[in-house]
Amino acid sequence: MSLQSNYQHILSLLPENVKLVAVSKTNPADKIKELYDLGQRAFGENKVQELLEKQIVLPNDIEWHLIGHLQTNKVKFVAGFISMIESVDSEKVLKEIDKEALKNNRKINVLLEVKIAKEETKFGLTADEAKDIFNNYLKGNYPNIEIKGLMGMASFGEDETQIREEFGVLKQLFNELSEQIPLETLSMGMSGDFLLAIESGSNSVRVGSAIFGERNYALN
Ligand SMILES: *Cc1c(COP(=O)(O)O)cnc(C)c1O
């Protein structure tokens, strides 16, 4: 399957209200440009160094989403241009983002990444941690940040019941926080589970391999 047919296929499956973030990690800039030329603007990368190398050679109107764990000392490298940091997994990194946003005289959009998978995952907030951070945000602690919503990753594998359950937990937290101030973005769903995620209330999916093909880490 070609990039174009993969892309059109995915687009055809997405309801109008669901945003597509094309996850381009491990794919070269010319592949990203090919998708850009087909009209895609939002791209997701999980490593800062890789993102910077691509950002500098690609068009300025690309909307870059950072979707991988962000170390505090690397926030400054992306603060000037990043469109959305989807992977805020500690209050420490949120503080740093706020500081760097101020330095860059802009507001930075973020999502709180919540751990929903039953399997052991390294990164992500518990629901209680996310609520605490959100309350501090509502008190005005992070004036240079806009918390737009939540991001989460379900367990890998075939257990549809479990995946639905995990997405359901995030959707519920999203609804709960939205009662305080309305949130815009619920980012859940990847190549293998985005349709389930949408059924569970996702309005932003992060799809990589179903568009670009399987990643070949050996070449990266
Ligand atoms: C790699 C990645 C994706 C995309 O995964 P695919 O299975 O290739 O669609 C989505 N979200 C995050 C956080 C990722 O790291």
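Residues numbered from 1 in each chain as written. Predicted model: local features only at pLDDT ≥ 70, side-chain atom pairs only at ≥ 80, totals over all residues. Heavy atoms only, no water.

Focus: the site of the ligand
Around the ligand sit V23, K25, I67, M153, M190, S191, R206, V207, G208, S209 and R215, and those are all the residues in its vicinity. K25 is positioned with one of its side-chain polar atoms (N or O) 2.7 Å from an oxygen atom of the ligand. At 2.9 Å from a nitrogen atom of the ligand is found a side-chain nitrogen or oxygen belonging to R206. Mapping the ligand onto the cavity grids shows that it belongs to the largest pocket. (Near = heavy atom within 4 Å. Polar contact = N/O pair within 3.5 Å; in protein donor to acceptor, adjacent residues only side chain to side chain. 1 Å grid on protein atoms, 1.4 Å probe; cavity = no way out; pocket = protein on both sides within 12 Å on 5 of 7 lines; lining within 4 Å. Sits in = over half its atoms within 2 Å of the grid points.)

Observations regarding the layout of surface pockets
Quantified by volume, the largest pocket comes out at close to 900 Å³. Elements with a minimum of two residues in the lining of the largest pocket: β5 (108–115), β6 (145–153) and α7 (160–178). Residue composition of the lining of the largest pocket, by class: 14 nonpolar, 12 polar and 12 charged. (Points joined across faces, edges and corners; volume = space filled by probe spheres on them. Helix = DSSP H or I, 4+ residues; strand = E, 2+ residues; numbered from the N terminus. Nonpolar A, V, L, I, M, F, W, Y, C, P; charged D, E, K, R; others polar.)

Some thoughts on the pairing of strand β1 (residues 19–23)
Within β1, four of the five residues are buried, leaving the element largely enclosed by the surrounding structure. Pairing geometry for β1 and strand β2 (residues 42–45), over two bridges, is parallel. Bridging from a neighbouring strand, A22 pairs with F43 of β2. (Buried < 20%, exposed > 50% of the residue type's maximum accessible area, 1.4 Å probe, protein only. Pairing = 2+ DSSP bridges.)

Some words on helix α2 (residues 29–37)
Considered for burial, the residues of α2 that qualify are I32, L35 and Y36. An end-on view of α2 places all buried positions within 105° of arc, on one side of the element. In this structure, α2 carries D30 and D37 as exposed residues pointing more than 90 degrees from its buried face. Against the buried residues of α2 lie α1 (3–13), β1, β2, α3 (48–55), β3 (63–66) and α9 (209–212). Where α2 ends, the next residue or the one after it, G39, has phi of about 115°, a positive value. (Arc of directions from axis to C-beta. Contact = heavy atoms within 4.5 Å.)

Points about the pairing of β3
Strand direction decides the pairing type here: β2 and β3, joined by four bridges, are parallel. In the strand pairing of β3, G44 is matched with H65. Between the parallel elements β2 and β3, the chain passes through α3 in a crossover that is right-handed. The pairing of β3 with strand β4 (residues 84–88) spans two bridges and is parallel. Considered in β4, the bridge of L66 is made with I85. (Right-handed = clockwise from strand over helix to strand, strands pointing away.)

Points about the packing of aromatic side chains
Taken as a whole and judged by the stated rule, the model has two aromatic pairs. Pairing F134 with Y137 gives two aromatic rings, centres 5.9 Å apart and planes at 35°, and the pair type is tilted. Of this pair, F134 and Y137 are both found in helix α6 (residues 127–138), three residues apart, which corresponds to roughly one turn of the helix. Summarising the burial analysis for this pair, F134 and Y137 share the class buried. Looking at R41, its charged tip hangs above the ring of Y36, at a distance of 3.6 Å from the centre. (Phe/Tyr/Trp six-rings, centres within 6.5 Å; stacked < 30°, edge-to-face > 60°. Lys NZ or Arg CZ within 6 Å of the ring centre and 35° of its normal.)

Let's talk about the nonpolar core
Core analysis: the biggest nonpolar cluster contains 60 residues, and F43, I97, V110, L150 and I211 have the highest contact counts within it. Among the elements that take part in this core, α7 stands out by supplying six residues, more than any other. When near neighbours in sequence (up to four residues on either side) are disregarded, L150 contacts L111, L112, V114, L170, L173, F174, L177, T185, L186 and S187. (Core = buried A, V, L, I, M, F, W, Y, C linked by side-chain atoms within 4.5 Å.)

Description of α6
Working note: α-helix, 3.6 residues per turn, so residues spaced by three or four point in the same direction. Under the 1.5 Å per step criterion, the end-to-end length of α6 is 16 Å for 12 residues, consistent within 8% with the ideal 16 Å. If you check which residues of α6 are buried, you get A130, I133, F134, N136 and Y137. Buried residues in α6, looked at end-on, bunch into an arc of 160°, giving them a common side. Where α6 is buried, its residues touch α5 (91–103), β5, β6 and α7. (Expected span 1.5 Å × (residues − 1).)

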